[in-house]
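Descriptive analysis of the structure
Residues per chain are reported as follows:
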Amino acid sequence: MAQTTLKPRKYNRREALAGYLFISPWIIGFLIFTAGTMVYSLVISFSRYNLATNVMRPAGLDNYRALLDDPRVATSLGNTLFYAVLAVPLEICFALFLALLLDRATRGAGFFRTVYYLPKMTPMVATASIFLLLLNGNSGAINQGLRFFGIHGPQWLVDPAWMKPSIVIMSLWGVSGTMVIFLAALKNVPRDLYEVASLDGAGPVRKFFSITLPMISGAMFFNVIILTIYAFQVFDQAFLLFWRDQNNATSESALFYAVYLFQQAFREFNFGFAAAMAWVLFVILLVLSIIQVKLGNRFVYYEGER
Amino acid sequence: MRTWPAAFLAATVLLTTACGSSGDNGGSNAANFDPNPTGTLSAWGFDNADDVGKARMDYAAKQLTGVKIQMDQTGFDAQKFTTRLASGNVPDVVQMDREYVATYAAQGLIQPLEKCFSANKVDPKERWYPSVVGDVTYKNQVWAVPQFYQPPAILLNKTVMDAAGVPADDIDPSQPDKLLAAVAKMYKSSGGVPTTLGFNPQATGQAYLWIVGMGGKLVGDNGAPTLDDPSNVYGLELLKKITDAQGGFAKYKSFTDAFDVFGDKNQFVKNQVGAEVDAQWYPNVLSPYQSTLKLAAVPFKGKDGKPVTVATGSSFVIPAKAKNPSAGCKWALALTDEGSWDAAGAARAQTVQQKHSINTGLFTGSPAADKSLRDKYVKPSGNPGFDQVISTFYDVVSTGKSVGSSPAGQALKQELTNAITAALLGQKSAQQALADAQKATMTAYKNVTGA
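This paragraph deals with the overall build of chain A. Counting its secondary structure elements, chain A contains 14 helices and two strands. Across the 306 residues that make up chain A, the buried fraction comes to 43%. Counting only contacts in chain A whose residues sit at least 6 apart along the sequence, the fraction spanning at least 24 positions is 67%. Total accessible area on chain A stands at roughly 17,300 Å², and carbon and sulfur atoms take up 68% of it. Positive and negative charge centroids in chain A, built from 24 and 16 side chains respectively, lie 6 Å apart.

Below, the structure written as structure tokens:
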């Protein structure tokens, strides 16, 4: 006798509709402002585009082959990967740490939330100006602080070995967006879980790893994916600290993928090459995101899941 | 589901082919220039214009009666310019650094100005210094209307020098041993970090002066880069000796980065430098502190012991697809004629009088205008030190050397700076750093010229 099983529907129609409505502003914006330019850049990546004549001539895969021949593509990709590996875990840890502090704050919670979110509202140029002072190897506040502990700080902005870490430090300044997402997730963790754990004799560390982390794993997963994408697209911080003018001392150590892409497009008018770079980055990020989603599904707990 | 990527790629190929078949609608077409333009002028430049800029714009507007002028008063931005060119919203005239001109010329994005000059009866060689015209000459054609030439010389902080017993003659880059001895006498540090530099060479900020001024050659025939020319090594090695004598490049750079260059705690007021390479505009910044400063100046001397100076500046270009090139040409030329500079000189004199400051002169890029303004407005200030400084800058202006213009101008400057940084940090020898820079710049040169 055949056994029939009814597959439970994961989401109902109303929920699905609400979901689509919530994301529709983004979808509409994407279709109007981004989709067309993405297709156009894909076209350019298979062509030689002359800005003066506005003529595109088919180039087949030449631009993609040229990426392999240019050592700076590999250098900039390596720098970007190094940055991402260093920045993403640190940003996650720092943002989570701040969110945990804010979650515990009772008096003046609104004030502290505002204060910690302010860096996100500060223009990147202003932030970079401050960090140029903070990171000064001789007189910057960061090295002054290290000196207090008997540590001779590095020449953050001049020594090629410390250029990428200096950008990571500047990126940490802007984690408040990530922090807010964590904070929202922390607020949604049912308090009775902690109460029960306390009754069972669990300490703060056990509660964090057994309750907090699993319950905010969805937010964690989202933040990791978003920060990874941002890290691979890093431009502002590197450009403002190291590439803002041609008189500034810099080195290949601070040459990030997006900076090199910008130089190829707008300094050398190598639009086909730059577009090919952009699409290679897109594919890299797509693959990384798919891997993260596959891995993430094993660890992430979704509250609404049935 | 599997068919859509193939369809997408097919559409892409079709689009590419379709775009490729579109006609060549110009880019290198040189316009005919009417000396009496009409219509509307779309100009882009004069970001944050000062008294001099405003006076010149007013003057130029009066020379273009019958032309409606629409200004985009923002700084030049390569990305914005590219977008405007691609979208067809092309300005008639654009202000940009002279280092960029050959790049856009090589791409056919701007037009040569021989017809602009002849229609308006202007001889570039007569109006501007040879080095200034050289900056905007590419493949024997002049591509821009240049403005300003603010040459560097060496400012002396007599307070520091006198205390160390260093005479002005010792600050002479043509005599490295003497210079390094003077640097050692004046250099002070605390905890291994500089507190007073004997000599700030402006290692990366005045890269052209140290390389070309010391007999080097950065640009060859047709604008091809020549960073690996053996003559470029001398200046770079001398720079390394100067920075090594003052704590090494990293500490030197961090120290100079922290200078309050435009403030009342600047490096001269705080005696953080004994001597420093500075462009002509800097004495103007220092003039409010004339009562507390003991200043003097000497020219920068090249390897051959002769005064030399190297500077770039800005210029006006006319895009190849400009709708009203005649108005763009007339406006740019009006901005750089003697009447315009005279109006600027009067405005500056008024500002100086209001601020009870010193008129350090305007360095226009045009010998006749420079002389006229100096005769009319630059008078003894009552501060002999400042007067000697002003006089020194006027003396060096005629010793200017052009770097030459290269289609890879931006890349050349960036790679030269990178090479200087690598050599001064000791990561590479001067030869190796310059060879690597040459390789990278050559790639950019080939990209821009399609060679």
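That shown, we press on.
Before going further, it helps to examine the pattern of salt bridges. The tally for this structure, following the rule as stated, stands at 20 salt bridges over all chains. One salt bridge connects Glu 99 of chain B with Lys 413 of chain B, and the closest N-O pair in it is separated by 3.5 Å. Here Glu 99 of chain B is found in helix 4 (residues 98–106), whereas its partner Lys 413 of chain B is found in helix 18 (residues 409–424), with 314 residues between them in sequence. Of the two residues, Glu 99 of chain B and Lys 413 of chain B, both sit in the buried class. Among the ionic pairs, Lys 253 of chain B bridges to Asp 257 of chain B, the shortest N-O distance being 2.9 Å. Linking Lys 253 of chain B with Asp 257 of chain B, this pair stays in helix 12 (residues 249–257), spanning four residues, or about one helical turn. By relative accessible area, which is 6% here, Lys 253 of chain B ends up buried. What emerges from the salt-bridge pattern is a single network uniting Arg 48, Asp 62 and Arg 65 of chain A.

Residues and elements named next belong to chain B. In terms of nonpolar packing, the biggest core is built from 138 residues, with Ile 171, Phe 199, Leu 218 and Trp 331 touching the most fellow members. The dominant element in this core, judged by the number of residues it contributes, is helix 14 (residues 325–335), at seven residues. Residues contacting Leu 218, with those up to four places away along its chain left out, are Tyr 208, Ile 211, Val 212, Ala 224, Pro 225, Thr 226, Leu 227, Asn 232, Val 403, Leu 412 and Leu 416.

What follows is about the domain arrangement of chain A. Residues and elements named next belong to chain A. As far as domains go, chain A holds domain 1 (16–64) and domain 2 (69–305). Computed from C-alpha coordinates alone, the two centres of domain 1 and domain 2 are separated by 27 Å. Contacts between the two partners involve ten residues from domain 1, matched on the other side by nine residues from domain 2. Of the roughly 810 Å² buried at the junction of domain 1 and domain 2 (both faces included), carbon and sulfur atoms supply 79%. Looking only at domain 1, the three residues that lose the most surface to domain 2 are Met 38, Asn 63 and Tyr 64, adding up to 44% of its buried area. The tally of links between domain 1 and domain 2 comes to zero salt bridges. Joining domain 1 to domain 2, the criterion identifies one residue pair in polar contact (both at pLDDT 80 or more). The element contributing the most residues to the side of domain 1 that touches domain 2 is helix 1 (residues 13–45), with five residues. Residues that form the side of domain 1 that touches domain 2 fall into these classes: six nonpolar, four polar and no charged.

Residue and element names in this part refer to chain A. When you line up the elements, Ala 276 lands in helix 14 (residues 271–299). For Ala 276, a relative accessible area of 0% corresponds to the buried category. Between the C-alpha atoms of Ala 276 and Leu 61, which are 215 residues apart in sequence, the distance is 9.2 Å. The residues touching Ala 276, leaving out its near neighbours within four places in the chain, are Ser 45, Asn 63, Tyr 64 and Leu 67.

Here we take up the interface of chain B and chain A. Listed per partner, the contact involves 52 residues of chain B and 38 residues of chain A. Contact between chain B and chain A buries roughly 3,900 Å² in total, counting both sides, with carbon and sulfur atoms accounting for 59%. At the boundary of chain B and chain A, one finds one salt bridge. Its salt-bridge partner being Arg 72 of chain A, residue Glu 415 of chain B comes within 2.6 Å of it at the nearest N-O pair. Put simply, chain B and chain A have six residue pairs in polar contact (both at pLDDT 80 or more) between them. Of all elements in the fold, only helix 1 (3–20), helix 3 (78–87), helix 4, strand 9 (193–200), helix 12, helix 18 and helix 19 (430–449) of chain B reach the threshold of two or more residues within the side of chain B that touches chain A. Sort the elements by how many residues they give to the side of chain B that touches chain A and helix 18 of chain B lands first, with eight residues. Classifying every residue of the side of chain B that touches chain A gives 20 nonpolar, 24 polar and eight charged.

Residues and elements named next belong to chain B. In terms of residue burial, strand 10 (residues 273–279) counts as a mostly covered element, since seven of its seven residues are buried. Pairing between strand 7 (residues 152–157) and strand 10: five bridges, direction antiparallel. Residue pairing in the sheet places Pro 152 in a bridge with Ala 279 of strand 10. In this structure, strand 9 lies alongside strand 10, joined through three bridges in parallel fashion.

The geometry of an aromatic ring pair is captured by two quantities: the separation of the ring centres and the angle between the planes. All told, the structure shown has 37 aromatic pairs over all chains when counted by the stated rule. Ring geometry for Phe 208 of chain A versus Phe 209 of chain A: centroids 5.1 Å apart, planes at 85°, classification edge-to-face. For the ring pair Phe 255 of chain B and Phe 259 of chain B, a centre distance of 5.1 Å and an interplane angle of 80° mean the geometry is edge-to-face. In this structure Phe 255 of chain B comes out as buried when scored by relative accessible area, which is 9%. Each member of the aromatic cluster is reached from another via a ring pair, and the members are Tyr 49, Phe 235, Phe 239, Phe 262, Phe 266, Phe 269 and Phe 271 of chain A together with Trp 44, Phe 76, Phe 81, Tyr 100 and Tyr 104 of chain B.

Residues and elements named next belong to chain B. In space, the five strands of this open sheet follow the order 8-9-10-7-11, with mixed pairing throughout. Only two strands of the sheet have a single neighbouring strand rather than two, namely strand 8 (188–190) and strand 11 (295–298). Between one strand and the next, the sheet's axes are offset by a mean angle of 35°, whatever the strand orientation. Here three bridges tie strand 8 to strand 9, and the two strands are oriented antiparallel to one another. When the sheet's bridge partners are listed, Ser 189 is paired in strand 9 with Pro 194. Against the sheet, helix 17 (residues 384–396) engages strand 7, strand 10 and strand 11, with an angle of about 20° to strand 11.

Residue and element names in this part refer to chain B. Between helix 11 (residues 233–244) and helix 18, the shortest axis-to-axis distance is 9 Å and the interhelical angle comes to 50°. One finds that helix 11 runs oblique with respect to helix 18. In terms of crossing hand, the pair formed by helix 11 and helix 18 is right-handed. On helix 18, the residues that touch Leu 236, Leu 239, Lys 240, Thr 243 and Asp 244 of helix 11 are Ala 419, Ile 420, Ala 423 and Leu 424. For the contact of helix 11 with helix 18, the per-class residue count stands at six nonpolar, one polar and two charged.

A few words now on the sheet that holds strand 6 (residues 145–147) of chain B. Residue and element names in this part refer to chain B. Read from one edge to the other, the open sheet built from five strands follows the order 2-1-3-12-6, with strand pairing classed as mixed. The open sheet has two edge strands with one neighbour each: strand 2 (67–72) and strand 6. Averaged over neighbouring strand pairs, the angle between their axes works out to 25° when direction is ignored. Packing against the sheet, helix 4 makes contact with strand 3 (93–97), strand 6 and strand 12 (314–317), and its axis sits at approximately 120° to strand 3.

Quick notes on the rules
- Residues numbered from 1 in each chain as written.
- Chains lettered and ligands numbered in written order.
- Predicted model: local features only at pLDDT ≥ 70, side-chain atom pairs only at ≥ 80, totals over all residues.
- Heavy atoms only, no water.
- Helix = DSSP H or I, 4+ residues; strand = E, 2+ residues; numbered from the N terminus.
- Buried < 20%, exposed > 50% of the residue type's maximum accessible area, 1.4 Å probe, protein only.
- Contact = heavy atoms within 4.5 Å.
- Areas by Shrake-Rupley, 256 points an atom, 1.4 Å probe, with all protein chains shown as cover.
- Lys, Arg positive; Asp, Glu negative; His and termini not counted.
- Charge placed at Lys NZ, Arg CZ, Asp CG, Glu CD.
- Salt bridge = Lys/Arg side-chain N within 4 Å of Asp/Glu carboxyl O.
- Core = buried A, V, L, I, M, F, W, Y, C linked by side-chain atoms within 4.5 Å.
- Domains from an automatic or database assignment.
- Buried area = accessible area lost by both parts, 1.4 Å probe.
- Polar contact = N/O pair within 3.5 Å; in protein donor to acceptor, adjacent residues only side chain to side chain.
- Nonpolar A, V, L, I, M, F, W, Y, C, P; charged D, E, K, R; others polar.
- Pairing = 2+ DSSP bridges.
- Phe/Tyr/Trp six-rings, centres within 6.5 Å; stacked < 30°, edge-to-face > 60°.
- Axes fitted to C-alpha atoms, helices over the stretch in contact; angles between N-to-C directions.
- Parallel < 35°, antiparallel > 145°, perpendicular 65-115°, else oblique.
- Left-handed = near helix turned anticlockwise from the far one by under 90°.

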